[in-house]
Amino acid sequence: MDSKKRSPAEAEGSKERGLAHVWQAGSCSVAPEILPGWGGKTVLQAALGVKHGVLLTEDGEVYSFGTLPWRSEPADICPSSPILENALVGQFVVTVASGSFHNGAVTESGVVYMWGENSAGQCAVANQQYVPEPNPVSISDSETSSLLAVRILQLACGEEHTLALSISREIWAWGTGCQLGLITTTFPVTKPQKVEHLAGRVVLQVACGAFHSLALVQCLPSQDLKPVPERCNQCSQLLITMTDKEDHVIISDSHCCPLGVTLSESQAENQASAAISPSTETLDNQGEVFENTHVENELPVATDVNVGNVQATSGDAISSQQDRETTEISSARNTPSYPDTQAVNEYMQTLSDCSVRENSENGEKPMPSQPLVEEAVPNLHSPPTTSTSALNSLVVSCASAVGVRVAATYEAGALSLKKVMNFYSTAPCEPGAQAGSGSVAPEGLKDSREEQVKQESMQGKKSSSLVDIREEESEGGSRRLSLPGLLSQVSPRLLRKAARVKTRTVVLTPTYSGEADALLPSLRTEVWTWGKGKEGQLGHGDVLPRLQPLCVKCLDGKEVIYLEAGGYHSLALTAKSQVYSWGSNTFGQLGHSDFPTTVPRLAKVNSENGVWSVAAGQDYSLFLVDTEDFQPGLYYSGRQDPTEGDNLPENHSGSKTPVLLSCSKLGYISRVTAGKDCYLALVDKNVMGYIASLHELATTERRFYSKLSDIKSHILRPLLSLDNLGTASTVQLLQEVASRFSKLCYLIGQHGAALSSFLHGIKEARSLVILKHASLFLDSYTEQVSSPGSGSISAGLFCQGEQLLNQKRLD
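Definitions and cut-offs
- Residues numbered from 1 in each chain as written.
- Predicted model: local features only at pLDDT ≥ 70, side-chain atom pairs only at ≥ 80, totals over all residues.
- Heavy atoms only, no water.
- Buried < 20%, exposed > 50% of the residue type's maximum accessible area, 1.4 Å probe, protein only.
- Helix = DSSP H or I, 4+ residues; strand = E, 2+ residues; numbered from the N terminus.
- Pairing = 2+ DSSP bridges.
- Phe/Tyr/Trp six-rings, centres within 6.5 Å; stacked < 30°, edge-to-face > 60°.
- Lys NZ or Arg CZ within 6 Å of the ring centre and 35° of its normal.
- Salt bridge = Lys/Arg side-chain N within 4 Å of Asp/Glu carboxyl O.
- Expected span 1.5 Å × (residues − 1).
- Bend = angle between axes of the 7 residues up to and from the residue.
- Contact = heavy atoms within 4.5 Å.
- Axes fitted to C-alpha atoms, helices over the stretch in contact; angles between N-to-C directions.
- Parallel < 35°, antiparallel > 145°, perpendicular 65-115°, else oblique.
- Left-handed = near helix turned anticlockwise from the far one by under 90°.
- Nonpolar A, V, L, I, M, F, W, Y, C, P; charged D, E, K, R; others polar.
- pLDDT = per-residue confidence, 0-100.

### Quick notes on the pairing of strand β12 (residues 145-149)
Burial of β12 is sparse: only zero of the five residues sit out of reach of the surface. Summarising the sheet, strand β11 (residues 140-141) and β12 pair through two bridges and their orientation is antiparallel. Residue D141 lies in a different strand from β12, and its bridge partner there is S145. The turn joining β11 and β12, which pair antiparallel and follow one another in sequence, is formed by three residues.

### As for the pairing of strand β28 (residues 579-583)
The buried count for β28 comes to five of five residues, which makes it a mostly enclosed element. Neither face of β28 is left uncovered, since the one carrying V579, S581 and G583 and the one carrying Y580 and W582 both have all their residues buried. Pairing geometry for strand β27 (residues 569-574) and β28, over five bridges, is antiparallel. By the bridge assignment for β28, H569 is matched with G583.

### Points about the packing of aromatic side chains
Under the definition given, this model contains five aromatic pairs. Between W23 and Y679, the ring centres sit 5.2 Å apart and the planes meet at 10°, which makes this aromatic pair stacked. Taken together, the residues W23 in strand β1 (residues 19-24) and Y679 in strand β35 (residues 678-684) connect sequence positions 656 residues apart. A single burial state applies to W23 and to Y679, both of which are buried. Relative to Y636, the ring of Y620 lies with its centre 5.4 Å away and its plane at 20°, an arrangement referred to as stacked. Linking Y620 in strand β31 (residues 620-625) with Y636 in strand β32 (residues 633-638), this pair joins segments that are 16 residues apart in sequence. Just as Y620 is buried, Y636 falls in that class too. One aromatic cluster in this structure is built from W23, Y620, Y636 and Y679. Positioned over the ring face of Y746 is R524, at 4.2 Å from the centre of the ring. The residue whose ring lies beneath K532 is F211, and the NZ or CZ to ring-centre distance is 4.9 Å.

### Some details on the pattern of salt bridges
Counted by the stated rule, this structure contains 20 salt bridges. Ionic pairing is found between K41 and E61, a salt bridge with its closest N-O pair at 2.8 Å. You can see K41 sitting in the loop between β2 (33-34) and β3 (43-48) and its partner E61 sitting in the loop between β4 (52-57) and β5 (62-66), a full 20 residues away along the chain. A residue is classified by how much of its surface remains accessible, and K41, at 35% relative accessible area, is partly exposed. Put simply, R702 and D626 hold a salt bridge, and the shortest N to O gap is 2.7 Å. On the criterion of sequence distance, the pair formed by R702 in helix α11 (residues 690-720) and D626 in the loop between β31 and β32 is long-range, its members being 76 residues apart. Just as R702 is buried, D626 falls in that class too. Connected through shared salt-bridge partners, D141, E143, E170 and K194 make up one network.

### What to know about α11
With 31 residues, α11 ought to run about 45 Å at 1.5 Å a step, and its terminal C-alpha atoms sit 43 Å apart, in line with that. The axis of α11 is deflected most strongly, by about 30°, at K712.

### What about the side chain of S780?
Relative to the assigned elements, S780 resides in helix α14 (residues 774-785). With a relative accessible area of 11%, S780 lands in the buried category. Excluding anything up to four places from it in sequence, S780 contacts L744 and L747.

### Examining the sheet that holds strand β33 (residues 659-660)
In spatial order, the strands read β30-β31-β32-β33; together these four strands make up an open sheet with antiparallel pairing. Strands at the two margins of the open sheet, each flanked by one partner only, are β30 (611-616) and β33.

### Focus on the sheet that holds β5
Spatial strand order, β3-β4-β5-β6: four strands in an open sheet with antiparallel pairing. The open sheet has two edge strands, β3 and β6 (83-84), and neither has a second partner. In this sheet, β5 lies alongside β4 in antiparallel orientation, the contact comprising five bridges. The residue bridging H52 from the neighbouring strand is G66, located in β5.

### What about the packing of α11 against helix α12 (residues 728-760)?
When two helices pack together, their arrangement is given by the angle between the helix axes and by the axis-to-axis distance. Closest axis-to-axis distance for the α11/α12 pair is 9 Å, and the angle between their directions is 150°. Compared by their axis directions, α11 and α12 come out roughly antiparallel. For the element pair α11 and α12, the recorded crossing hand is left-handed. Here the contact of α11 with α12 is composed, by residue class, of 19 nonpolar, seven polar and three charged.

### Let's talk about the confidence of the model for the chain
Do not read the fine detail of predicted coordinates wherever pLDDT is low. Confidence along the chain averages 74 in pLDDT terms, with 58% of residues attaining 70 or more. Considering only residues more than four positions removed or in separate chains, one finds that residues 261-339, a stretch of pLDDT under 50, has 141 contacts. This stretch, residues 423-446, has a pLDDT under 50; its non-local contacts, to residues over four places away or in other chains, come to 24 contacts.

### Some words on the packing of α12 against α14
The contact between α12 and α14 brings their axes to 9 Å, and the two run at 150°. Considering the angle they form, α12 stands roughly antiparallel to α14. Of the two elements, α12 crosses α14, and the hand of that crossing is left-handed. Note on element contacts: α14 touches α12 through L776, F777, S780, Y781, E783 and Q784, opposite R740, F741, K743, L744, L747, I748 and H751. Of the residues contributing to the contact of α12 with α14, the split by class is seven nonpolar, three polar and three charged.

### Brief notes about the environment of I711
Along the chain, the position of I711 falls in helix α11. Overall, the relative accessible area of 33% leaves I711 in the partly exposed class. A C-alpha to C-alpha distance of 9.9 Å links I711 and F741, two positions 30 residues apart in sequence. Residues in contact with I711, not counting those within four places in the same chain, are L716 and F741.

### A look at the environment of L573
Residue position: L573 is located in strand β27. Along the chain, L573 and E559 lie 14 residues apart, while their C-alpha atoms are 8.5 Å from each other. What L573 contacts, discounting residues up to four positions off in sequence, is E559, V560, I561, Y562, Q578, V579, V611, W612, S613 and V614.

This is the structure we're talking about:
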């Protein structure tokens, strides 16, 4: 490689690049220091563990420093200066990684070397406590050829596990714990195994926290999207659920398979008291119990109908559900009613009479009051039968009048009413109740039923996003216990939206272009997480663990380009220079104080400048931001240890808002990495203005993309959604302008992300994509400039669109 051989002049200039500066975590006022004992070689990458670290130089050598208990020589356990890993000499390492107490390296030929602590098999060696020297790891794919070794691009290390990203963009894992993403209960895993759940997907990056894992995955092209099955292949739950929210319906596809949920002891006890007997399986080394039963078996028979979610089904699935509901309801009719049922009936009648009076006052024809029924709701697409109630007829008529979505609200209302009726009526002897308890007072029965329904509702909603569940619970106090309003009470805006005919669709995200996507980072990405989630570090809105990778739905469309995992929190950097954070926020390491922290939230780092690089430590985070003079600024957010002379807030445990560190005199920071007790920055001196020019180019491109994205989201999207845009030729012209503008915008975003990665590397000008493949950019700019609407026509359309948008806001 060219980087191996350097002229004396280049070697002299390299001394001004890749300088390693170290801070102690928790001390924001202390100035950084040069890494003790370092000889001055250019450092391309650094990785930190709990009490140690590794350095990768530009000539492919690896050095270790800190406390190294796995070393065989006593003098090497606590070296005064970084020591060379002799086992890697001559291999030319291209990337390194560190876990809490172990390390990994990847050579240019794609071979993985591991060393350090191996108590959990994280170094892929069996029956060995420590691996003192870098040891090659054999990775082979039995599906293709067991004789051919799998080449690796990137490594990520946690506390007890290791992930490797292959050249075919597949993930291989070894170690211990559910954070491996493997379908196994035998730990440790010392032979690398493929994470089958993401097989066939293009994985762009992997990251490891202490006990959780993250993967950045490229979205599938629309033509490669497979039809989504109706039910989960493992637990048979519905993959898509619908929840009524008064005058609208929430559709959720955040299915959580019970196979990936670990039951706590308290949950197991509650389920045992409710006469639930799931089959369980104990892990050999973890002592954790994983749930392997269907959700249908978890709920008592009397409350099998999950009213909180209106589950959309078709065909035989709906018929079987109707039969089950009808059987349960008919059996419920034979149960005695308590006095509270009469109160509910009177309350329903009062609301119905009030609605009729309001309609009469407005000059509208009153709708006939509907009797309270407990019949099963039929399929919306089937004709009403003789047993169908008047309410169900109204549902069917609404479906034809205002669309299925509004009608689904009425269907949800019927089921909600049934939930209320079941809430105040119960069988003489509930499953799990004591036989000799005798009669129970109505108030005591109400409290016990309320608690039981709450627990059963939460168990039944495991397949839904817990974010939606919490939103539903927060509105539970104000939710009406009656049916949703009659047709005349439905929001007029909702009716107009349902009746509007969609005549045009313009995709502002350009289709896949082979050359650009092969040369530049993709912005069409998804974030997948798995492992332990007790601090919410998985980002799924709950604290449940996952055995298999699960997509973080709320990050879809956010254009995430880089992931970082701390001890118990996670960071996602986007192409728009924004950072989403979630997980533990005990010390303010998320960069915000928003709750809940179990879902990604925007970090409030700097309102004026964007973030272009991040690092996550044990209980803190680092953010590299753009500044006006193009010299990166470094923000610290997280644990702060009070020392003499520090001006800390009242809460000394951490900084709830990011703090700007004083490091402008160091030079141009190109990369940051974080461990437990210290963090490290790689700094370049501005030799002949070259480094400053690179940072100026990257900063300008990132800011340009942010401006173009704002135009696309604030002007183009609302403009294209208007009805009165003019003649057909005008609409067609605007669509063409928007399509070309979106394509150019996406290319600039890709280039901005590529420049950020470029600043992390060797920073050789001849490797810049814009120079090596100039035609790719020139063609896109030429196409935009030469488009029919590029001049005054385009400006006129945008002015007209802005006027229409302003008029729409006034209306």
